[in-house]
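Analysis of the macromolecular model
Spelled out from the first residue to the last, the chains are:
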Amino acid sequence: MSAPDRAAELRANLRAVRLRIATAAERAGRDPNTITLIAVTKFFPVADVLALAEAGVTDFGESRDQDASTKAAEFADLSPSPVSWHFVGRLQTNKARSVASYADVVHSVDRAALVDALANGVRAADRAPLAVLLQVSLDVNDVNTIAGPSGASERGGVRPGDLLALADQVASRPELVVAGVMSVPPQDRDPADAFSELLQLSAALRAQHGGATMISAGMSADLDSAIEHGATHVRIGTALLGPRKPTIG
Ligand SMILES: *Cc1c(COP(=O)(O)O)cnc(C)c1O
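Residues numbered from 1 in each chain as written. Predicted model: local features only at pLDDT ≥ 70, side-chain atom pairs only at ≥ 80, totals over all residues. Heavy atoms only, no water.

Under an unreviewed UniProt entry, the name given to the protein chain is Pyridoxal phosphate homeostasis protein, and the organism recorded is Jatrophihabitans telluris. If you open the UniProt record of the protein chain and go to Function (unreviewed entry), you find "Pyridoxal 5'-phosphate (PLP)-binding protein, which is involved in PLP homeostasis." According to the UniProt record, the Sequence similarities (unreviewed entry) comment for the protein chain reads "Belongs to the pyridoxal phosphate-binding protein YggS/PROSC family." (UniProt positions renumbered as here; feature names shortened; annotations may be inferred.)

See below:
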């Protein structure tokens, strides 16, 4: 596909996604302007990031450090528009230092080791405090389970019972800011049920950390339900960019 055709396709997808966001917000009695669209551009080239930024997207998400760091640097060279980079994928401790050097928000903090690694990375990069979302596991088996030593579930995400302790650890590091919660609901759970649990956990977190107002929830398939349940940030890949290559997606 030629570059102009691809840019036109991305603009059309963006209009459709913005309409879905507005419709869901209206149904929930919410102002659509309070919901931030994060374009998840993993496996897509920087040209797509540029086209979406030109169409008005300000927030981009990536899930692998290698791709994210390259794309963020390429974008900065090519475009004068300032955008925010969100790291949304599972994060290995040994990648935290790199992520802390370019990310504006990290959505996937789910264990204490990651808190220290990110904080040390921010300090090494001499950057402003990094906004951190606590990724919560909404796996029904995790809700009432006693946590292991790390508090993180097998699939990623802190168990709900360990959320507040992890938030206190983040708050104890001046390099980090407790900004909210994030979740990817398990396949076998009704998304509405999972998002409503996340909303309750967000309220419990906000009672302790007043600034932790972000709720990162909702992807291409379930953004409407997430918005009805309070999502402030939706992470959209497929509905904006099309299907990812099955071999690498
Ligand atoms: C890939 C990804 C998304 C985007 O998913 P789509 O279903 O393609 O919209 C959102 N969140 C996370 C954590 C992802 O890894």
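The environment of the ligand is formed by V40, K42, V88, M182, M219, S220, R235, I236, G237, T238 and R244. Within the contact set of the ligand, a nitrogen atom lies 2.9 Å away from a side-chain nitrogen or oxygen of R235. Contacts to the ligand include T238, whose side-chain N or O atom sits 2.6 Å from an oxygen atom. If the ligand stood free it would expose 390 Å²; the protein chains cover 87% of that surface. Residues that form the shell around the ligand fall into these classes: five nonpolar, three polar and three charged. (Near = heavy atom within 4 Å. Polar contact = N/O pair within 3.5 Å; in protein donor to acceptor, adjacent residues only side chain to side chain. Areas by Shrake-Rupley, 256 points an atom, 1.4 Å probe, with all protein chains shown as cover. Nonpolar A, V, L, I, M, F, W, Y, C, P; charged D, E, K, R; others polar.)

Between helix α1 (residues 3–27) and helix α2 (residues 46–54), the shortest axis-to-axis distance is 9 Å and the interhelical angle comes to 55°. Accordingly, the angle class assigned to the pair α1 and α2 is oblique. You can see that α1 and α2 cross each other, and the crossing is right-handed. Across the interface between the two elements, R6, A7 and L10 from α1 touch D48, A51 and L52 from α2. Classifying every residue of the contact of α1 with α2 by side-chain character gives four nonpolar, no polar and two charged. (Axes fitted to C-alpha atoms, helices over the stretch in contact; angles between N-to-C directions. Helix = DSSP H or I, 4+ residues; strand = E, 2+ residues; numbered from the N terminus. Parallel < 35°, antiparallel > 145°, perpendicular 65-115°, else oblique. Left-handed = near helix turned anticlockwise from the far one by under 90°. Contact = heavy atoms within 4.5 Å.)

We now examine the pairing of strand β3 (residues 84–87). Successive side chains on a regular strand alternate, one facing one side of the sheet and the next facing the other. As judged from the four bridges shared by strand β2 (residues 59–62) and β3, these two strands associate in the parallel manner. For F60, the partnering residue across the bridge sits in β3 and is W85. With respect to chirality, the unit in which β2 leads through helix α3 (residues 65–78) into the neighbouring parallel β3 is right-handed. Running through helix α4 (residues 96–102), the crossover from β3 to the neighbouring parallel element strand β4 (residues 105–109) is right-handed. (Pairing = 2+ DSSP bridges. Right-handed = clockwise from strand over helix to strand, strands pointing away.)

This paragraph deals with the pairing of β4. The element β4 is extensively covered by neighbouring structure, given that five of its five residues are classed as buried. Across two bridges, the pairing between β3 and β4 is parallel. From the neighbouring strand, F87 faces β4, where its bridge partner is V106. Across three bridges, β4 lies against strand β5 (residues 130–135) in parallel orientation. Following the sheet pairing, V109 is matched in β5 by L134. For the handedness criterion, the β-α-β arrangement of β4, helix α5 (residues 112–125) and β5 is classed as right-handed. (Buried < 20%, exposed > 50% of the residue type's maximum accessible area, 1.4 Å probe, protein only.)

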